[in-house]
Amino acid sequence: MANTLNNAVNNTYKQTIYTSNDTWTPDPRMKYAKIYIWNGGGGGGSGRSFANTGQAGGGGGGGAGGLSCFEVLSSNLQSPNYSVTIGGGGNGGSGVVGSIGQAGSPGGVSSLGVMKSIGSSAGGAGGINGNASGGSSTAINVSSLASSTSAGGGSGNQTTGGAAPSGNYLWGTGGGGGAGWRTGVAIAGNAGGSIFNGDGSTVLVAGGLAGANTGATAGNGNPAVSFEIFIGGTGGGGGGNDGGAVTPVAGSGGNGGIPGGGGGGGSGTLDPNTSGAGGNGARGQIIICEFF
């Protein structure tokens, strides 16, 4: 449902935030609009369940949902109404017994009429004997506004889960990688990526906390907050593992922060125990600012 703020006229603006499917009817008083469209984040992969120590890797974190920005003159609008579609977050992979982990699902695409976010977010790979790749993503750098591919999820490893890249992005970050299982060795996951200011000196929004080496479920990513610019949510943390020799506690990945944060990867475990599940990616969002 839409949340409308600052409904005013005379050289001011109206901001509408869409969090679910809806319809946008442009205000007839509008001169132009700035439109921000986030896709949903990818889900994290679950860990592997395997009999040999050191070969039950964690799942990869999901990639962040893409963001596209548009500026539209009222004279260019072709329709009185526009369909709003909000992409859902990708599901995390389910925990498994005696197999490689399940990959997370990609995030859904958001759109406003024919306008879509061109960035994409993949789900993290399921845990294997080795490194499970994090889900890919494309990000926009705050300073240069150049496109980069560094908002993906962290890899799921046989030891500590891989770190999700942090950066000064307009959209969110990917989830942290899940920890592997090793007999008698307690291993933490890795945190979700954080969002920094333009020069990289201050954390604006922290990533989800890493799953502790007790096997606790990782922290969820944090939602976007209001700054001078619109940004996305951060990725969930990767699950940790307590290293138990018989019934290890395999933590699940945290969910991504709204909008577009990637889910964290789940931890590996000893077969026939169930591995940690991947966290879910966060849904997308659309913000429309109409200027009068």
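Model, not experiment: these values are computed from the prediction.

A. Just the overall build of the protein chain, in detail. Scanning the protein chain from N- to C-terminus turns up 0 helices and 15 strands. When burial is assessed residue by residue, the protein chain has 52% of its 292 residues classed as buried. Pairs at least 24 residues apart make up 70% of the contacts formed inside the protein chain by residues separated by at least 6 positions. When the accessible area of the protein chain is evaluated, it comes to approximately 11000 Å², of which 52% is carbon and sulfur surface.

B. Just unusual backbone geometry, in detail. Note that the residue after I258, namely P259, is joined by a cis bond; omega there is -5°. In this structure, P259 sits in the loop between β13 (203-205) and β14 (269-270).

C. Just the sheet that holds strand β3 (residues 22-24), in detail. As summarised here, the arrangement of the 4 strands in space is β3-β7-β8-β9, forming an open sheet in which the pairing is antiparallel. Each end of this open sheet is capped by a strand with a single partner; those strands are β3 and β9 (115-116). Direction of pairing for strand β7 (residues 82-85) relative to strand β8 (residues 111-112): antiparallel, over a ladder of 2 bridges. Considered in β8, the bridge of T85 is made with S111.

D. Structural detail: the packing of aromatic side chains. All chains considered together, the criterion is met by 3 aromatic pairs. Taking the centre distance of 5.6 Å and the plane angle of 35° together, the rings of W24 and Y82 count as tilted. One end of the pair, W24, is in strand β3; the other, Y82, is in strand β7, with 58 residues separating them in the sequence. Note on W24: relative accessible area 2%, which makes it buried. Arranged with centres 4.8 Å apart and planes meeting at 10°, the rings of Y32 and F291 form a pair that is stacked. Of this pair, Y32 sits in strand β4 (residues 32-38) while F291 sits in strand β15 (residues 285-291), placing them 259 residues apart in sequence. The class for F291 is partly exposed, based on a relative accessible area of 21%. A connected cluster of aromatic rings, assembled from ring pairs, spans Y13, Y32 and F291.

Conventions we followed
- Going along each chain's sequence as written, the residues are numbered from 1 onward.
- Residues qualify for local features only when their pLDDT is at least 70, as the model is predicted, and side-chain atom pairs are given and counted only at 80 or more; totals for whole chains, interfaces and linings, by contrast, use all residues.
- Side-chain metrics rest on all non-hydrogen atoms present in the structure, leaving aside hydrogens and water.
- Secondary structure elements follow DSSP: runs of H or I of four or more residues count as helices, runs of E of two or more count as strands, with numbering from the N terminus.
- Classification of residues uses two cut-offs on accessible area relative to the type maximum, computed with a 1.4 Å probe and protein chains only: under 20% is buried, over 50% is exposed, and between them is partly exposed.
- By definition, residues are in contact when any of their heavy atoms lie within 4.5 Å.
- A 1.4 Å probe and the Shrake-Rupley method give the accessible areas. Residues count as covered only by the protein chains that appear here.
- Between any two strands, at least two bridges found by DSSP are needed for them to pair.
- A pair of aromatic rings is counted whenever rings of Phe, Tyr or Trp (Trp by its six-membered ring) have centres within 6.5 Å, and the orientation is called stacked for planes under 30 degrees apart, edge-to-face for over 60 and tilted otherwise.

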